[in-house]
Amino acid sequence: MAVNYKTLAMALGALLVSGQALSHAHHSHGKPLTEAEQKAAEGVFDDKDVKDRTLSDWDGVWQSVYPLLVSGDLDPVFKKKAEKDKSKTFEDIKEYYRKGYVTDVATIGIENGVMEFHTGDKVDSCKYDYAGHKILTYTSGKKGVRYLFECKDASSKAPKYVQFSDHIIAPRQSAHYHIFMGNTSQDALLKEMDNWPTYYPFQLTNEQVVDEMLHH
């Protein structure tokens with residue numbers, strides 16, 4: 001059941017060689033967001049508009065942005081945030097995202113309902129079942145939706161519980177996402193607000209990830 005990660009990576013490489021096809025498609029995020037979708041992305045939506053989604057919305061190979069924080073590549077993003085929010089320093093913001101992004105899972109592959117987690121040379125995979133969604137209201141008053149999935153294979157070392165948050169509230173292909181992973185329970189994960197490893201498409205260069213963060 002394992003995702004053929006090498007095949008996926010090779011396919012992505014071939015597309016890149018053929019003219020940056022994927023990155024251009026990604027830059028447009030498919031069809032433009034409607035006004036309602038844009039408001040939902042900003043945390044403003046009616047609960048009745050939240051719809052169930054399948055794991056295929058997150059299909060692909062994804063890279064963690066944590067290494068880009070460590071390398072300093074994301075510093076322009078944090079500087080821009082500090083300019084917008086005068087109540088926080090650049091260092092405050094970078095530390096907030098350091099806690100948020102930190103993870104040892106470098107890449108994630110998703111295909112045919114299977115998730116594959118790459119940590120160093122170790123690969124753990126499992127087929128995940130949809131377990132519904134939860135609407136959360138944050139201290140800011142804004143709202144978010146987490147989509148819950150569960151690994152029921154007792155022999156798998158992949159996380160038993162996974163939640164996606166990507167500022168989308170109905171079926172649509174994800175452009176990037178925050179993920180919550182654990183082995184205790186979905187309820188325990190729903191309480192996690194400080195650590196949300198974040199992933200962008202594997203085919204994007206470091207510069208393209210930074211550009212996405214600065215302009216979207």
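From a predicted model like this one, the values you see are computed outputs, not experimental measurements.

(A) Expanded view of the environment of Val123. Mapped onto the elements, Val123 comes out in strand β4 (residues 122-137). A sequence separation of 35 residues divides Val123 from Ala158, and the C-alpha atoms of the two residues are 8.5 Å apart.

(B) Representation of the pattern of salt bridges in the model. Summed over the entire model, instances satisfying the criterion amount to 11 salt bridges. A salt bridge links Glu37 to Arg172, with the nearest nitrogen and oxygen atoms 3.4 Å apart. Here Glu37, found in helix α3 (residues 35-41), pairs with Arg172, found in the loop between β6 (161-165) and β7 (177-182); they are 135 residues apart in sequence, far enough to count as distant. Asp57 serves as the salt-bridge partner of Arg53, at 2.8 Å between the closest nitrogen and oxygen. When its relative accessible area of 2% is taken as the criterion, Arg53 is described as buried.

(C) Structural detail: the nonpolar core. Of all hydrophobic cores here, the largest spans 24 residues; its most connected members are Ile108, Ile110, Met115, Tyr128, Phe164 and Tyr177. The leading source of residues in this core is strand β5 (residues 143-151), at four residues. Non-local contacts of Phe164, meaning those with residues more than four positions away in its chain, are made with Leu55, Trp58, Ile110, Met115, Val145, Arg146, Tyr147, Phe149, Tyr177, His178 and Ile179. Core analysis: the next-biggest nonpolar cluster, separate from the first, contains 19 residues, Val65, Tyr66, Val77 and Ala82 among them.

(D) Representation of the packing of aromatic side chains within the structure. By the definition in use, this model includes 15 aromatic pairs. Judged by centre distance (5.6 Å) and plane angle (90°), the ring pair of Tyr101 and Trp196 falls under edge-to-face. Pair noted here: Tyr101 is in helix α6 (residues 90-101) and Trp196 is in the loop between α7 (186-190) and β8 (198-201), with a separation of 95 residues, a long-range link. The same class applies to Tyr101 as to Trp196, namely buried. Linked through ring pairs, Trp58, Trp62, Tyr130, Tyr147, Phe149, Phe164, Tyr177 and Tyr199 together constitute an aromatic cluster. The ring of Tyr147 is capped by Arg53, whose NZ or CZ atom sits 4.9 Å from the centre of that ring. The cationic tip of Arg146 hangs over the ring face of Phe180; the distance from NZ or CZ to the ring centre is 3.5 Å.

(E) Fine view of the sheet that holds β4. With antiparallel pairing, the eight strands of this closed barrel are ordered in space as β1-β2-β3-β4-β5-β6-β7-β8. For this sheet the average axis-to-axis angle between neighbouring strands, irrespective of direction, equals 35°. The pairing of strand β1 (residues 60-64) with β8 spans three bridges and is antiparallel. In the sheet register, Gln63 faces β8, and the bridge partner there is Tyr200.

(F) Examining the state of the cysteines more closely. Inspection of the entire model under this criterion finds one disulfide. Between Cys126 and Cys151 runs a disulfide, and the two sulfur atoms are separated by 2.1 Å. When the S-S torsion is 85°, as for the bridge of Cys126 with Cys151, the disulfide is right-handed. Linking Cys126 in strand β4 with Cys151 in strand β5, this pair joins segments that are 25 residues apart in sequence. The pair formed by Cys126 and Cys151 is uniform in burial state, with each residue classed as buried.

The rules behind each value
Residues numbered from 1 in each chain as written. Predicted model: local features only at pLDDT ≥ 70, side-chain atom pairs only at ≥ 80, totals over all residues. Heavy atoms only, no water. Helix = DSSP H or I, 4+ residues; strand = E, 2+ residues; numbered from the N terminus. Salt bridge = Lys/Arg side-chain N within 4 Å of Asp/Glu carboxyl O. Buried < 20%, exposed > 50% of the residue type's maximum accessible area, 1.4 Å probe, protein only. Core = buried A, V, L, I, M, F, W, Y, C linked by side-chain atoms within 4.5 Å. Contact = heavy atoms within 4.5 Å. Phe/Tyr/Trp six-rings, centres within 6.5 Å; stacked < 30°, edge-to-face > 60°. Lys NZ or Arg CZ within 6 Å of the ring centre and 35° of its normal. Pairing = 2+ DSSP bridges. Axes fitted to C-alpha atoms, helices over the stretch in contact; angles between N-to-C directions. Disulfide = S-S within 2.5 Å.

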